[in-house]
Protein chains: 2
Amino acid sequence: MPTLSFFFDFGSTYSYPAALRIREAAARAGVVARFRPIMLGAIFKAQGWVTSPFNLYPVKGRYMWRDLERITAAMGVPFVRPDPFPQNGLLAARVAVGARDEPWQPRFCVEVFKAEFARGEEIIDPAVISAALTAAGADAAHWIARAAGEDVKDALRAETDEAGRHGVFGAPSFVTPDGELFWGNDRLEAALAWMAHRSPRRSR
Amino acid sequence: MPTLSFFFDFGSTYSYPAALRIREAAARAGVVARFRPIMLGAIFKAQGWVTSPFNLYPVKGRYMWRDLERITAAMGVPFVRPDPFPQNGLLAARVAVGARDEPWQPRFCVEVFKAEFARGEEIIDPAVISAALTAAGADAAHWIARAAGEDVKDALRAETDEAGRHGVFGAPSFVTPDGELFWGNDRLEAALAWMAHRSPRRSR
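This is a predicted model, so every value here is computed, not measured.

Trainee: What is the right way to look at the relation of the copies chain A and chain B in this model?
Mentor: The two chain copies are connected by a rotation around an axis plus a translation along it. Each copy superposes on the other: chain A lies on chain B with an RMSD of 0.0 Å after a rotation of 180° and an axial shift of 0.0 Å. Both chain copies can therefore be described as sitting about a two-fold axis. Among all residues of chain A, the one whose C-alpha sits closest to the rotation axis is D186 of chain A, at a distance of 3.8 Å. Most of the interface of chain A is mirrored in chain B, where 100% of its interface residues are also at the interface.

Trainee: For this particular structure, what's the right way to read the pairing of strand β1 (residues 3–8) of chain A?
Mentor: The two faces of the sheet receive side chains in turn, since in a regular strand these alternate between them. All names here are of chain A. With five of six residues buried, β1 lies mostly within the body of the structure. Bridge count between β1 and strand β2 (residues 32–37): six bridges; the pairing is parallel. Paired with S5 across the bridge in β2 is R34. Handedness of the β1-helix α1 (residues 15–28)-β2 crossover: right-handed. Strand direction decides the pairing type here: β1 and strand β3 (residues 173–175), joined by three bridges, are antiparallel.

Trainee: Help me out: how do you make sense of the sheet that holds strand β3 (residues 173–175) of chain B in this one?
Mentor: Pairing between sheet strands relies on hydrogen bonds along the backbone, with the strands arranged either parallel or antiparallel. Residues and elements named next belong to chain B. As summarised here, the arrangement of the four strands in space is β2-β1-β3-β4, forming an open sheet in which the pairing is mixed. With partners counted over all chains shown, the strands left at the sheet margins are β2 (32–37) and β4 (181–183), one partner each. Neighbour-to-neighbour, the strand axes of this sheet turn through a mean angle of 25°, independent of strand direction. Pairing geometry for β3 and β4, over three bridges, is antiparallel. Within β4, the position partnered with S173 by the bridge is W183.

Conventions we followed
Residues numbered from 1 in each chain as written. Chains lettered and ligands numbered in written order. Predicted model: local features only at pLDDT ≥ 70, side-chain atom pairs only at ≥ 80, totals over all residues. Heavy atoms only, no water. Least-squares fit on C-alpha atoms with pLDDT ≥ 70 in both. Contact = heavy atoms within 4.5 Å. Buried < 20%, exposed > 50% of the residue type's maximum accessible area, 1.4 Å probe, protein only. Helix = DSSP H or I, 4+ residues; strand = E, 2+ residues; numbered from the N terminus. Pairing = 2+ DSSP bridges. Right-handed = clockwise from strand over helix to strand, strands pointing away. Axes fitted to C-alpha atoms, helices over the stretch in contact; angles between N-to-C directions.

In structure tokens, the structure reads:
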């Protein structure tokens, strides 16, 4: 099945509804979504931002919080504002990159987002990540230890670099097999429609 | 009929597809769209930006140009990249504010956007604005003279201030009668859906 890259940061607010929606939306389109966490802070730094633009530009931040309230209410899912914001997603990202070939990896990512944005838990806490791994059916101790490997740290940096090469500047971002970039939770459907109309598999 | 405020800047790229779409989309929803040009530069300045963020952040700018190509292609309308970008929309905005009670005012706005983004004309040129007025069925000389009135200049500043009070930080932005703000061409439908579900008129 064709694959849509879903680049996100575990601290990113709009990545929460995207993570909740993408597996079902992709399945309906006959597409597999690859969950690819990145460290958005590194990309922000390259643009001169030392924290989330939602903190740097409070007017934009106020809009985002209200918008997230509306989006999650329309989806019928809980939403709490993380404190502090943004949360440090490094541990979660390393676990998810270390486990990227595991069938439960997307489920783990969703569980982390729920801990953070539905229950307000701090996702740098190993106990929170451990619970998310357990909920996803994985061996928590094994995968948290695995996350500390130098190869995993390098792989996360490589993922972030690859996102940058695709032109990613925010999250969530979706990249199609032919390299088209779509930015934002509300552009997921556009990315899937692009694949339906432009993918070489269209003619099957 | 309930009214949706459509705040835009004539130089704003995503305001072009929004202007082309909004009258029909609003009509289908039983809503009237008020075309309310503002001077986004004044709002950007308050955030510390001296030009469009698409110029300040080239990675974001590259995405925007590609995204506009895709959006306009999907709509089947032409798109050319204005040079220079952003265009100076002051004259067009003053004409549109001066004529805000005229039935042809939305049509004039659309004609300006077409000159700018479909044909690549410079919209600070009075000849371009004059042609847009004529195309909208208005007396071009009269309305261009009207645009120079101090009351019109004040009214445009007041519109920009009011947008700021609603939390507008970019364009296009849509504000519902109950004060909900939706930012971006791709959130027009969300704004109309909000009005359908939340407006006090829903119970009629």
